[in-house]
Amino acid sequence: MKIAGKTAIVTGGASGLGEAAVVRLHGAGANVVIADLNEEKGKALAEKLGDKALFAKCNVTSTEDVKATINAAVEKFGALHILVNNAGMGSAGRTFNKDGPWNIDWFKMVVDVNLTGAFNMLSNAAFQMDKNEPEDGEKGVIINVASVAAFDGQIGQAAYSATKGGVHAMTLPIARDLSRHLIRVNTIAPGTFDTPMLAQLPQAARDSLAASIPMPQRLGNPEEFAHLVQAIVENNYLNAETIRLDGAIRMAPK
């Protein structure tokens, strides 16, 4: 799909990997909708990018928020063509500890945001994309964001790994389902990236993480993630794939 003139929604688009995707797609000529809960950062980014950018406060677990975000995109820019389904949350907790089993409500919350929320967003976005006229044999492109934790989750990542594994697992059946609607679905599974979350770690911890990556031996740059987002959108033979973007890292148990 040609990016120029198209409209993209990026969930979790106010910072980190999402922000990099917003900036990259905008630079390639797309209208961008920054869907995020962080109003301050989201509005600042939209203002910086200008008329071809819009901020929409969105909780992906809320169907009302999701529909409002999509409607805002269509009202301002006329259509929806691209979704980067990036919103998510981390988690940490062992199966049980000396105080008892892990809090199941926390586990459910992670599933609700990372997996159910991701499906909620893509299902509603695909419904809107189906209204587009085909261009080069397609109506839309959906890019989900999983994690290498889907494949080699560490101790304490049970909920996070389960949800990201679910995002990977649903890629093929959804791509098959949406093929008759001319909508492609792919997933990126990032490794360890230099995001604001990791910036909070001590330098020694950051250096240790970088040293565990075979090549290149450094944290990933968000711009590299955004580059892959653009490549997936533009390559219309790429479908139903989960692509690890991780410098060949395979996470240790802890």
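Scroll up to find the structure this text is about.
Residues numbered from 1 in each chain as written. Predicted model: local features only at pLDDT ≥ 70, side-chain atom pairs only at ≥ 80, totals over all residues. Heavy atoms only, no water.

## Quick look at the layout of surface pockets
1) Next: For the largest pocket, the calculated volume is near 1,400 Å³.
2) Next: Along its surface, the largest pocket is lined by 49 residues, and Gly88, Met89, Gly90, Tyr160 and Met197 are the ones closest to its centre.
3) Next: The residue inventory of the lining of the largest pocket, partitioned by class, reads 24 nonpolar, 20 polar and five charged.
4) Next: The computed volume of the second largest pocket comes to approximately 150 Å³.
5) Next: Around the second largest pocket sit Phe119, Leu122, Ser123, Ala126, Phe127, Asp130, Ile174, Asp177, Leu178 and His181, which together line it.
6) Next: Of all the secondary structure elements, the ones that give two or more residues to the lining of the second largest pocket are α4 (104-129) and α6 (158-178). (1 Å grid on protein atoms, 1.4 Å probe; cavity = no way out; pocket = protein on both sides within 12 Å on 5 of 7 lines; lining within 4 Å. Points joined across faces, edges and corners; volume = space filled by probe spheres on them. Nonpolar A, V, L, I, M, F, W, Y, C, P; charged D, E, K, R; others polar. Helix = DSSP H or I, 4+ residues; strand = E, 2+ residues; numbered from the N terminus.)

## Thoughts on the side chain of Thr163
1) Next: Assignment of secondary structure puts Thr163 in helix α6.
2) Next: The class of Thr163 is buried, set by a relative accessible area of 0%. (Buried < 20%, exposed > 50% of the residue type's maximum accessible area, 1.4 Å probe, protein only.)

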